Amino acid sequence: MLVRNEYEKQMKEKNNRKQTKSSSKKPVQSLYKAPSGSRTKEQVMDPIFKLEFEDSKGTIHEAVVHKSDEGITVAKRIGSKADLPQSLIEALARRIDAEMNNYTSAS
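Residues numbered from 1 in each chain as written. Predicted model: local features only at pLDDT ≥ 70, side-chain atom pairs only at ≥ 80, totals over all residues. Heavy atoms only, no water.

## A closer look at the overall build of the protein
Looking only at helices and strands, the protein has 4 helices and 2 strands in total. Its helices and strands taken in sequence order, the protein reads α-α-β-β-α-α from the N to the C terminus. Looking at the protein residue by residue over its 107 residues, the buried ones come to 20%. Residue pairs at least 24 apart in sequence account for 32% of intrachain contacts in the protein once pairs closer than 6 positions are excluded. Summing over all exposed atoms, the protein offers an accessible surface of approximately 9300 Å²; the carbon and sulfur share of this is 51%. (Helix = DSSP H or I, 4+ residues; strand = E, 2+ residues; numbered from the N terminus. Buried < 20%, exposed > 50% of the residue type's maximum accessible area, 1.4 Å probe, protein only. Contact = heavy atoms within 4.5 Å. Areas by Shrake-Rupley, 256 points an atom, 1.4 Å probe, with all protein chains shown as cover.)

Have a look at this one:
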């Protein structure tokens, strides 16, 4: 009987310790985290299509064309990488403008 009383006493103390420990903890609160506002350039610029151009050496050049881009700007960027003559840059600019018109009028 003594052993049982001792056991029950220990169990009560153990349970009381658990209750006091868990009740003394602060409740978990989720903190408000403000949005950072840092968007990637592509999210801000709204991409329309991806242009792939293969030069005479077989190298493929890629450029993402955005709504806010101008055909000549994209063509010059690709032309400088691919070392294109001015006449081809102008032709590429016209083609990019035509594609941009197709995509923007379809939307």
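Still to come is the rest of the account.
## Some words on the nonpolar core
Leu51, Val65, Val74 and Ile96 are the most contacted members of the largest nonpolar core, which has 15 residues in total. Those elements that place two or more of their residues in this core are strand 1 (47-54), strand 2 (60-66), helix 3 (71-82) and helix 4 (86-106). (Core = buried A, V, L, I, M, F, W, Y, C linked by side-chain atoms within 4.5 Å.)

## A few points about the pairing of strand 2
When a strand is regular, its side chains alternate between the sheet's two faces. Bridge count between strand 1 and strand 2: 7 bridges; the pairing is antiparallel. Residue pairing across strands places Leu51 opposite Ala63, the latter belonging to strand 2. Linkage of strand 1 to strand 2, two consecutive antiparallel strands, is achieved through a turn of 5 residues, within which Gly58 is found at a positive phi near 95°. (Pairing = 2+ DSSP bridges.)

## With respect to the side chain of His66
Turning to its location among the elements, His66 is positioned in strand 2. You can call His66 buried: its relative accessible area is 8%. At 3.4 Å, the side chain of His66 forms a polar contact with the backbone oxygen of Val64. (Polar contact = N/O pair within 3.5 Å; in protein donor to acceptor, adjacent residues only side chain to side chain.)

## Quick look at the pattern of salt bridges
Counted under the stated rule, the structure contains 3 salt bridges. Across the salt bridge formed by Lys50 and Glu62, the nearest N and O atoms sit 3.3 Å from each other. Within this pair, whereas Lys50 is found in strand 1, its partner Glu62 is found in strand 2, the two being separated by 12 residues in sequence. A residue is classified by how much of its surface remains accessible, and Glu62, at 45% relative accessible area, is partly exposed. One salt bridge in this structure joins Glu99 and Arg95, with 3.3 Å as the shortest N-O distance. (Salt bridge = Lys/Arg side-chain N within 4 Å of Asp/Glu carboxyl O.)

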